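Chain by chain, the residues run as shown.
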Amino acid sequence: MKVPFEKIMKVFRVIVALGAASLAWAQSPNPSPKLDLGHLAKLADKADEVVDVTLDGPTLKFAEKFMNDEDGEDAEALQVIKKLTGIYVKSFEFDKPGQYSPEDVEAIRSQLRGTAWSKIVNVTSRHDHELDEIYLMPDPAGKSNLGLAIIVAEPQELTVVNIVGPIDVEHLAALEGKMGVPDLDHKHREHGAKHE
Amino acid sequence: MRPLEDELRRALRRRDPPAAFAGRVMARVEQQASTRRSDGVKPKRRWAPWAWWTGWGRVGLVAVTALLALAVSFAVWREHRSQQQRREGEAARAQVMEALRITSVKLNRVRERVRAATEDGGHVRDDGSSQD
């Protein structure tokens, strides 16, 4: 039986295409929910107030040992962090605007582009020169999230939060006002209302 | 009384020992010592309050002191390490609380802005984003 040359070439092309696709998939970098925030370190010198929290997996586990699951605040926090493998927070408050550049923010946003992260909230205020974005990295298995990123950029404040691990955003948001700290958002709203 | 005094003086007057007396005494001492050695009887020592400080007593005391010093050092090191770990743990816990507080505050602030933008006539995109 004589197999036509065209047919052989067709099969060959399919094999080559499949091989190339699998090679490209294998070589594509595995997206990590941990962001590189190292470039923000330089802002610490210009900032009036700096909060820099770096908690990797072992440190979180270590902190868990010193949290009392019968204490209200600690129990709430334990619920949130027990499956996390990293919490990274960089928050800078400046005494005047223009202390950080748009490139500083863009360097973070560029890491959040692509298919791995989903932008779930984006608030841009041209009037107030504010940018708020919330990203989630969904688990391909669809069970939970693999990470969370929050960017809050205001003229005199820049905050970046990166949480690595399955996170319940609703639970996290509900912590405010519960953990022995005042509901700052509520205060902020009151403050804003007075100004208006 | 005179004759008695004379007699006493005569009896107590200093007299040199015979010429071989010292030699006989030394010979007797040597003989007794050799007899004790051959019988296996140790000569009795006089008790002295510092006697324990010699030989094994000294070694034992040094060993006990060293062990005590080691035990005390270990206990101090362990307590110091425990305190250090407690401090580090409390610091880590405080960092967790601070991180969660900031995250929670920012999440709610963004949520509030979305709500305010929606109420003020701003539009919210399908993906939840909003623009003033």
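Rules used in this analysis
Residues numbered from 1 in each chain as written. Chains lettered and ligands numbered in written order. Predicted model: local features only at pLDDT ≥ 70, side-chain atom pairs only at ≥ 80, totals over all residues. Helix = DSSP H or I, 4+ residues; strand = E, 2+ residues; numbered from the N terminus. Buried ≥ 20, exposed ≤ 12 C-beta atoms within 10 Å, placed from the backbone. Contact = placed C-beta atoms within 7 Å. Nonpolar A, V, L, I, M, F, W, Y, C, P; charged D, E, K, R; others polar. Core = buried A, V, L, I, M, F, W, Y, C linked by C-beta atoms within 7 Å. Arc of directions from axis to C-beta.

It is worth spelling out the overall build of chain A at this point. Of the regular secondary structure elements, chain A holds 6 helices and 6 strands. Counting every position in chain A, which comprises 196 residues, the buried fraction comes to 27%. Intrachain contacts of chain A at a sequence separation of at least 6 include 61% that bridge at least 24 residues.

The parts lose accessible area when they come together, and the size of an interface is often stated as this lost area. At the interface, 31 residues of chain B touch 43 residues of chain A. Of all the secondary structure elements, the ones that give two or more residues to the side of chain B that touches chain A are α3 (56-119) and β2 (130-131) of chain B. Sorting elements by how many residues they give to the side of chain B that touches chain A places α3(B) first, with 25 residues. Along the lines of polarity and charge, the residues of the side of chain B that touches chain A split into 11 nonpolar, 9 polar and 11 charged.

A few words on the nonpolar core. Counting 50 residues, the largest nonpolar core has A:Ile87, A:Ala149, A:Ile150, B:Val96 and B:Ala99 as the members making the most contacts within it. Per-element accounting of this core gives the leading share, 10 residues, to α3(B). Leaving out residues up to four positions away in the same chain, A:Ala149 has contacts with A:Leu35, A:Leu112, A:Trp117, A:Tyr135, A:Val161 and A:Asn162.

Looking now at helix α3 (residues 72-81) of chain A. For α3(A), every residue scored as buried is listed here: A:Asp74, A:Ala77, A:Val80 and A:Ile81. Around the axis of α3(A), the buried residues are gathered within 125° of arc, so they sit on the same side. Those residues of α3(A) that are exposed and angled more than 90 degrees off the buried face are A:Gly72 and A:Ala75. Packing partners of the buried residues in α3(A) comprise α2 (57-64) and α5 (169-173) of chain A together with α3 of chain B.

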